[in-house]
Amino acid sequence: MGTFVLILLGQGVVAMVLLFGTGAPGEVINGGFTNIVLGWGLGVTFGIYVAGKVSGAHLNPAVTVTLACCRNFPWSKVLPYSLAQTLGAFLASSLVYWNYLPAFDSFDPTREKTAGVFTTFPAFPEQLSAGFLDQMVGTGILMFLIFALTDSRNEPLGNLKPILIGLVVVAIGVSFGKMHGYAINPARDFGPRLFVTLAGFRNNGLTDGSLIFLVPIIAPLVGGVMGGVLYDRTIGRALATAQE
């Protein structure tokens, strides 16, 4: 349910901007990319509030894997959590699509140019390595800052943590949002990509042989662990030393 809320609000704002954002030449309406990053940040915030006390509200397989590597989260729960996150993303995509179906029919009746409402695509398709690096960096920043905000030895933040983690996602979006569509979450990308493929979108990045779908799966998993390890080896080590 946490990932469902995240994707519902995140994709909803992208649909608003893309499907209803065409004005006069040069006119920016519905907030453009600023609205998109704010919508995703709020989606993360409220997703954490929804599921935080039940599951820790990982919302993201990269977070789950990093916590298993660095915080003794049970490895036996990694796959169930990841599948649940992906399912939540898939179901949220289906609801967003259903809600905006008349707009999709009007704006893109052949479903050739709007899969980006749901999933991510590289800015430079001929250079997938650039998108891979971008996703590693973005997810590394995410995990480094999540560890900083949730470390009880640092500055306990109580019920503000979901808001601040949501702002982390906003910050990553405005700073690293364009190279590969700002996924930083394998479930957020693959669940919706699976949906658009089954729904008949032609530009899905899964069945066209481009291998685009692998980048937002593998790179965030690698980058998340790197960010967590970097925190533990720097700030975490300094805090441990200060307590001795």
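Here, the structure is the one placed above.
Described in the following lines is the structure provided in the data block. These numbers come from a predicted model, not from an experiment. (Residues numbered from 1 in each chain as written. Predicted model: local features only at pLDDT ≥ 70, side-chain atom pairs only at ≥ 80, totals over all residues. Heavy atoms only, no water.)

**Points about helix 7 (residues 161-176)**
Here is the rule: Note on conventions: DSSP H or I runs of at least 4 residues are helices, E runs of at least 2 residues are strands, and numbering of each starts at the N terminus. The length a helix should cover is 1.5 Å for every residue beyond the first. Contacts: residue pairs with any heavy atoms within 4.5 Å of one another.
Here helix 7 contains 16 residues, and its C-alpha end-to-end distance of 22 Å stays within 8% of the 22 Å for a straight helix at 1.5 Å per residue. As for helix 7, its buried residues are in contact with helix 2 (32-55) and helix 6 (128-150).

**Examining the pattern of salt bridges**
Basically, it comes down to this: Any Lys or Arg side-chain nitrogen located within 4 Å of an Asp or Glu carboxyl oxygen qualifies as a salt bridge. Summary of the burial criterion: residues with accessible area below 20% of their type's maximum are buried, those above 50% are exposed, and those between are partly exposed, where the area comes from a 1.4 Å probe applied to protein chains only.
Considering all chains together, one arrives at five salt bridges under this definition. Among the ionic pairs, D151 bridges to R153, the shortest N-O distance being 2.9 Å. Its relative accessible area of 30% is what places R153 among the partly exposed residues.

**Regarding unusual backbone geometry**
Although it is not a glycine, A57 adopts a positive phi angle of roughly 50°. A relative accessible area of 8% means that A57 is categorised as buried.

**Here we look at the packing of aromatic side chains**
Quick note on the threshold: The pairing test for Phe, Tyr and Trp rings, Trp by its six-membered ring, is centres within 6.5 Å, and the orientation test on the planes gives stacked under 30 degrees, edge-to-face over 60, and tilted for anything in between. Should the NZ of a Lys or the CZ of an Arg lie within 6 Å of a ring centre and within 35 degrees of the ring normal, that charge is described as sitting over the ring.
The final tally for this structure, using the stated rule, is 13 aromatic pairs. Ring geometry for F118 and F201: centres 5.7 Å apart, planes at 70°, overall edge-to-face. With F118 in the loop between helix 5 (101-107) and helix 6 and F201 in the loop between helix 8 (186-198) and helix 9 (215-243), this residue pair connects regions lying 83 residues apart in the sequence. Residue F118 is classed as buried on the basis of its relative accessible area, which comes to 0%. Judged by its relative accessible area of 2%, F201 is buried. Taking NZ or CZ as reference, R71 lies 4.0 Å from the ring centre of F147, over its face. When the ring centre of F107 is taken as reference, the NZ or CZ atom of K113 above it lies at 4.9 Å.

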